[in-house]
Amino acid sequence: MAPKREGLAQRRKARGLTQEALADKLGVGRYTVQRWEAGLTEPQPWLRPRLAKELDVSCERLDYLLSGGETDDVDLAPVRVCGHDQPESDEMRRRELLRLFSTVGTLAALPAVDPDRTAYAAEHPSHLDLATLDEYTQLNGQLWQTFLLAPSKGDAMPLVRHQLDILCTGLKHQQDDIVRQRLLALTADLLQLAGEIYFDANAYTDAAHSYTLAADASKTAQDYDLWACAMVRHSFVALYDRQFADAAPMLDLAAAVAERGDRSLSTRHWVSVVHAHAFAGLGDHAACERALDQAEQVRQLDGTVHNGGWLRFDGARLAEERGACYVTLGRHDLAETVLNDALTHRLTTRRRATVLTDLAMIGVHRRDPDKVATYAQTALNLARRTRSGVIARKLQALQPKLAPLLADKQVHKIHTEIAELATV
């Protein structure tokens with residue numbers, strides 16, 4: 001029988017909360033809290049940051065209490081909670097996630113389990129059925145939504161790490177071929193999400209590592225759309241480093257893989273639009289236009305063309321993508337029209353900042369300091385608010401282009417603030 005979590009109950013009481021009061025704050029039933037404290041169930045991963053906040057403890061301390069630890073064993077002074085710990089805690093989490101990455105790589109390479117032995121798994125709690133895997137699929141989708149909605153993308157990392165640990169545990173146990181295949185696909189899904197978080201933090205090496213493992217796991221799972229998307233994300237590392245010649249061959253392979261995927265999904269079209277960026281960087285206007293035209297064919301698809309997680313391309317962002325390609329090609333006349341049109345649509349914070357920075361780049365080209373200051377200042381404000389490395393990187397690419405306009409006080413201020421942004 002699982003031990004009661006006396007420390008968890010003590011901490012709740014120390015905060016002056018009844019089980020019912022805590023349940024109300026978390027949006028769960030009182031009996032759910034009761035079962036947590038009795039050691040009968042675990043809080044769902046997406047609830048843990050909120051539970052830690054209400055108890056005024058860190059995620060690590062919450063894990064300690066959930067393991068049966070007592071409050072008087074450790075100092076429970078208020079600390080910063082999930083996603084906002086001290087730098088050494090962030091590094092510890094990074095090492096832990098990289099350990100999980102290595103585990104995934106090993107487990108994905110192991111041969112499939114002999115079906116004759118699957119009966120063993122059914123007799124143990126570690127056995128996973130299809131209904132549980134359906135729940136994991138929904139959870140993965142919720143984790144992507146958490147990432148997309150979070151002002152600071154790194155806040156989603158503790159949840160991703162926790163769920164990756166659960167999936168790795170499942171892969172370590174005996175499973176039949178169907179369950180193992182789905183576990184690998186779910187793991188590849190979350191590895192892409194981890195890579196997105198690292199990419200947003202400009203941790204490109206870690207992002208590339210996670211995308212590589214995601215591609216390997218997707219390949220083993222024979223999920224071609226998931227595999228192609230992992231390769232597309234990996235190509236972003238080269239694109240943002242302006243290594244366009246390195247990105248193009250990877251995108252060629254992604255296109256070949258996507259051709260074997262689900263024709264009702266937009267995977268092929270997303271590969272095309274990213275390929276267009278590589279062609280633009282290489283100065284090949286004709287190839288860029290062909291790729292963009294291929295991406296436009298996404299509008300001919302019917303039904304649900306993406307899953308809102310590792311595949312989100314539906315054509316809504318084609319204007320901003322086309323505009324960014326035109327800026328790279330130096331076709332500022334074409335770029336300004338489509339980028340202004342993009343701003344009239346509903347955009348995520350990161351996408352809006354990217355469009356604004358591209359418009360500031362056009363302002364530089366036209367020697368219009370007012371336009372540069374207006375667009376770049378707004379993008380800077382968004383970068384500070386979100387701490388997004390993607391926005392910061394985009395602004396840093398703009399900074400050297402500001403040199404001809406530095407005599408203008410507004411532009412000089414923007415130049416200085418971008419430099420300061422890099423040190424935050």
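Residues numbered from 1 in each chain as written. Predicted model: local features only at pLDDT ≥ 70, side-chain atom pairs only at ≥ 80, totals over all residues. Heavy atoms only, no water.

Undergrad: Which parts of the structure should I look at to understand the packing of aromatic side chains?
TA: Given two aromatic rings, their pairing is described by the distance between the two centres and the angle made by the two planes. In the structure shown here, the tally under the stated rule is 7 aromatic pairs. Ring centres of Phe236 and Trp270 lie 6.3 Å apart, and the angle between their planes is 40 degrees; this geometry places the pair in the tilted category. With Phe236 in helix H12 (residues 224-240) and Trp270 in helix H14 (residues 267-281), the pair connects residues that are 34 residues apart, well separated along the chain. Judged by its relative accessible area of 22%, Phe236 falls in the partly exposed class. One aromatic cluster is present, formed by Phe199, Tyr204, Phe236, Tyr240 and Trp270 through successive ring pairs. Over the aromatic face of Tyr31 sits the side chain of Arg30, whose NZ or CZ is 4.5 Å from the ring centroid. Cation over ring: Lys153 sits above Phe147, and NZ or CZ is 5.0 Å from the ring centre. (Phe/Tyr/Trp six-rings, centres within 6.5 Å; stacked < 30°, edge-to-face > 60°. Helix = DSSP H or I, 4+ residues; strand = E, 2+ residues; numbered from the N terminus. Buried < 20%, exposed > 50% of the residue type's maximum accessible area, 1.4 Å probe, protein only. Lys NZ or Arg CZ within 6 Å of the ring centre and 35° of its normal.)

Undergrad: When you look at the side chain of Lys153 in this model, what are you seeing that I'm missing?
TA: Following the sequence through the fold, Lys153 ends up in the loop between helix H8 (130-149) and helix H9 (157-172). No salt bridge is formed by the buried Lys153. Its closest oppositely charged neighbour is Asp200, at 6.5 Å. In terms of polar contacts, Lys153 uses its side chain to reach the backbone carbonyl oxygen of Phe147, at 2.9 Å. Those residues in contact with Lys153 that lie beyond four places of it in its chain are Phe147, Leu148, Ile197 and Asp200. (Lys, Arg positive; Asp, Glu negative; His and termini not counted. Salt bridge = Lys/Arg side-chain N within 4 Å of Asp/Glu carboxyl O. Polar contact = N/O pair within 3.5 Å; in protein donor to acceptor, adjacent residues only side chain to side chain. Contact = heavy atoms within 4.5 Å.)

Undergrad: Teacher, can you tell me more about H14 here?
TA: Owing to its 3.6 residues per turn, the α-helix brings residues three or four apart onto one side. Here H14 contains 15 residues, and its C-alpha end-to-end distance of 22 Å stays within 8% of the 21 Å for a straight helix at 1.5 Å per residue. Among the 15 residues of H14, 13 are classified as buried, and the element is accordingly described as predominantly covered. Among the residues trailing H14, Gly283 stands out with phi positive, at a value near 80 degrees. (Expected span 1.5 Å × (residues − 1).)

Undergrad: Quick question: what am I supposed to make of the side chain of His332 here?
TA: By the element assignment, His332 lies in helix H17 (residues 332-343). With a relative accessible area of 11%, His332 lands in the buried category. Within the local environment of His332, its side chain forms a polar contact with the side chain of His365, the two groups lying 3.4 Å apart. Other than its neighbours up to four places away in sequence, His332 contacts Tyr326, Val327, Ile362, His365 and Arg366.

Undergrad: Please explain the pattern of salt bridges as it appears in this structure.
TA: A side chain with one charge may pair with a side chain of the opposite charge, provided their charged atoms come close. Applying the stated criterion to the full structure yields 21 salt bridges. The closest approach of N and O atoms between Glu259 and Arg263, which form a salt bridge, is 2.7 Å. Residue classification places Glu259 among the partly exposed positions, given a relative accessible area of 46%. A salt bridge links Glu321 to Arg317; its shortest N-O distance comes to 3.1 Å. Ionic contacts of the salt-bridge type, sharing partners, join the residues Glu289, Asp293, Glu296, Arg299 and Arg322 into one network.

Undergrad: Explanation requested: the packing of helix H10 (residues 177-200) against H12 in the structure shown.
TA: Angle between the axes and distance between the axes: these two values describe a pair of packed helices. Where H10 contacts H12, the axes come no closer than 10 Å and their chain directions differ by 15 degrees. It follows from the interaxial angle that H10 and H12 lie roughly parallel. H10 and H12 meet at a crossing whose hand is left-handed. Each of Ala185, Ala188, Asp189, Gln192, Glu196 and Phe199 in H10 lies in contact with H12, whose residues at this interface are Leu226, Cys229, Ala230, Arg233, Phe236, Val237 and Tyr240. Here the contact of H10 with H12 is built from residues that sort into 9 nonpolar, 1 polar and 3 charged. (Axes fitted to C-alpha atoms, helices over the stretch in contact; angles between N-to-C directions. Parallel < 35°, antiparallel > 145°, perpendicular 65-115°, else oblique. Left-handed = near helix turned anticlockwise from the far one by under 90°. Nonpolar A, V, L, I, M, F, W, Y, C, P; charged D, E, K, R; others polar.)

Undergrad: What exactly am I supposed to notice about the packing of helix H13 (residues 244-258) against H14 here?
TA: Direction vectors running N to C along H13 and H14 enclose 160 degrees, while the axes themselves pass 9 Å from each other. Taken as axis vectors, H13 and H14 run roughly antiparallel relative to one another. H14 is crossed by H13, and the crossing has left-handed handedness. Residues Phe244, Ala248, Leu251, Asp252, Ala254, Ala255 and Ala258 of H13 lie in contact with H14, whose contacting residues are Thr267, Arg268, Val271, Val274, His275, His277, Ala278 and Gly281. Here the contact of H13 with H14 is composed, by residue class, of 9 nonpolar, 4 polar and 2 charged.

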